[in-house]
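# Topology and contacts: notes
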Amino acid sequence: MATLPNPLPRLAADPSGRVLGLGLPAGRLIDATHDGPWHEPLLWHAEDRAAPGDWAALSAARTSGLLPVLLDVGGPQNGPEDWELMPEEMSYPGDHDAEEVLAEFWEEYAADEPGPDQDHSGGEEVVEVFGERPGPDEMLAPYGPLWPGLAAAGPLDADPEARAAETADSLARTGSWLKEPRLALVPARRSADIPAVIGWPGPLNHENDVARLCAVLRSWEDRFGIRVVALTFDQLVLSVAAPPTTTAEAEAIAAEHFAFCPDNITQGHHETLREYAEQEVLNGRLWSFWWD
């Protein structure tokens, strides 16, 4: 994919980051991919657990072309050096149209029944854990099998960068559901591009080219002031600076969430799009997505 000049190799000779005008804590450069070492570092992350204030402390990194994100290194897949990153599989987010991507996924996953060649992964496990799920008509109401279109943009209720820092501080606190968050820096044009830049494989069973999903994230940046705040091996966490404030707005955004990550509803704790919209999207300052 098309990328900016990468300043991370300069940290190999100066781990303190002073060469970039930064004061970095002890950290490491990551170039490991599923196919061996990448030709340059994909990211830097701190050795120690992130703490509230760390995100804001590295805000100056933006002037060097480095954007922050929290990475959870405490799961069974450990840190990004063991995530089998796939940067060579990624295209460029700017080459894709967000609505076309979402419409394609909606039409695939909103079908009445999986066809003979479709296997919506994890179905048997979902029934075992959660019981039988509603049928497509009930699950996706008030929408049907036809793509309903993009949700309207919302007004900001906070500065997007301030909301991102606030969210990162909350996730960095002890007791957060992130087990071992580490502050990382990624050479990216926009926060929305971070998953594609590092070749994150989280949605692999849904979409191999994460840049297509990053095109949607770019659109959410523009319409809802989102920022990519955290990644685990298979989970994406966004801050939201323009959350929906009405049920209709939340349901329209929930439809986009379903297309973007069907598992949030088909394998989540909320059985219908309406319930998901009410509980997870309405007034929500944080959106999270998990792919089986």
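The shown structure was predicted, so the numbers you read here are calculated from the model rather than taken from an experiment.

Analysis parameters
- Residues numbered from 1 in each chain as written.
- Predicted model: local features only at pLDDT ≥ 70, side-chain atom pairs only at ≥ 80, totals over all residues.
- Heavy atoms only, no water.
- Helix = DSSP H or I, 4+ residues; strand = E, 2+ residues; numbered from the N terminus.
- Buried < 20%, exposed > 50% of the residue type's maximum accessible area, 1.4 Å probe, protein only.
- Contact = heavy atoms within 4.5 Å.
- Areas by Shrake-Rupley, 256 points an atom, 1.4 Å probe, with all protein chains shown as cover.
- 1 Å grid on protein atoms, 1.4 Å probe; cavity = no way out; pocket = protein on both sides within 12 Å on 5 of 7 lines; lining within 4 Å.
- Points joined across faces, edges and corners; volume = space filled by probe spheres on them.
- Nonpolar A, V, L, I, M, F, W, Y, C, P; charged D, E, K, R; others polar.
- pLDDT = per-residue confidence, 0-100.
- Patch = residues over 30% accessible without salt bridge, like charges linked within 9 Å, V, L, I, M, F, W, Y side chains within 5 Å.
- Salt bridge = Lys/Arg side-chain N within 4 Å of Asp/Glu carboxyl O.
- Lys, Arg positive; Asp, Glu negative; His and termini not counted.
- Charge placed at Lys NZ, Arg CZ, Asp CG, Glu CD.

### Comments concerning the overall build of the chain
On a plain count of helices and strands, the chain comes out with 11 helices and nine strands. Taken along the three principal axes of its C-alpha coordinates, the chain extends 60 × 40 × 40 Å. Across the 292 residues of the chain, 53% fall into the buried class. Put simply, 76% of the contacts in the chain that link residues at least 6 apart link residues at least 24 apart. Approximately 12800 Å² of the chain is accessible, and the part contributed by carbon and sulfur atoms is 48%.

### Observations concerning the layout of surface pockets
The computed volume of the second largest pocket comes to approximately 360 Å³. Forming the walls of the second largest pocket are 17 residues, and the residues nearest its centre are Asn264, Gly268, His269, Glu280 and Ser288. Secondary-structure elements contributing two or more residues to the lining of the second largest pocket are helix H10 (263-266), helix H11 (273-281) and strand E9 (286-290). Considering each element in turn, the lining of the second largest pocket owes the most residues, five residues, to E9. Of the residues assigned to the lining of the second largest pocket, the class counts are seven nonpolar, eight polar and two charged.

### Quick notes on the confidence of the model for the chain
When pLDDT is averaged along the chain, the result is 92; 91% of the residues meet or exceed 70. Note on residues 112-131: pLDDT under 50 across the span, and 19 contacts to partners over four residues away in sequence or across chains.

### A short note on a negative patch on the surface
Taken together, Glu138, Glu271, Glu275 and Glu278 make up a surface patch of like negative charges. Residue placement: Glu271 occurs in the loop between H10 and H11. Using a relative accessible area of 30% as the deciding quantity, one classes Glu271 as partly exposed.

### Brief notes about the environment of Ile30
In this structure, Ile30 sits in strand E1 (residues 27-30). The exposure class assigned to Ile30 is buried, which follows from its relative accessible area of 3%. For the pair Ile30 and Ala252, spaced 222 residues apart in sequence, the C-alpha to C-alpha distance is 38 Å.

### A short note on the pattern of salt bridges
It is possible for side chains bearing opposite charge to pair when their charged atoms get close. Within this structure, the stated rule accounts for 15 salt bridges. Put simply, Glu47 and Arg28 hold a salt bridge, and the shortest N to O gap is 3.1 Å. Here Glu47, found in the loop between strand E4 (43-46) and helix H2 (54-57), pairs with Arg28, found in strand E1; they are 19 residues apart in sequence, far enough to count as distant. According to the relative accessible area criterion, Arg28 is partly exposed, its value standing at 33%. The closest approach of N and O atoms between Arg212 and Glu104, which form a salt bridge, is 3.2 Å. Within this pair, whereas Arg212 is found in helix H8 (residues 210-224), its partner Glu104 is found in helix H3 (residues 98-109), the two being separated by 108 residues in sequence. Residues joined by salt bridges that share partners form a network here, namely Asp157, Arg163, Glu166 and Arg285.

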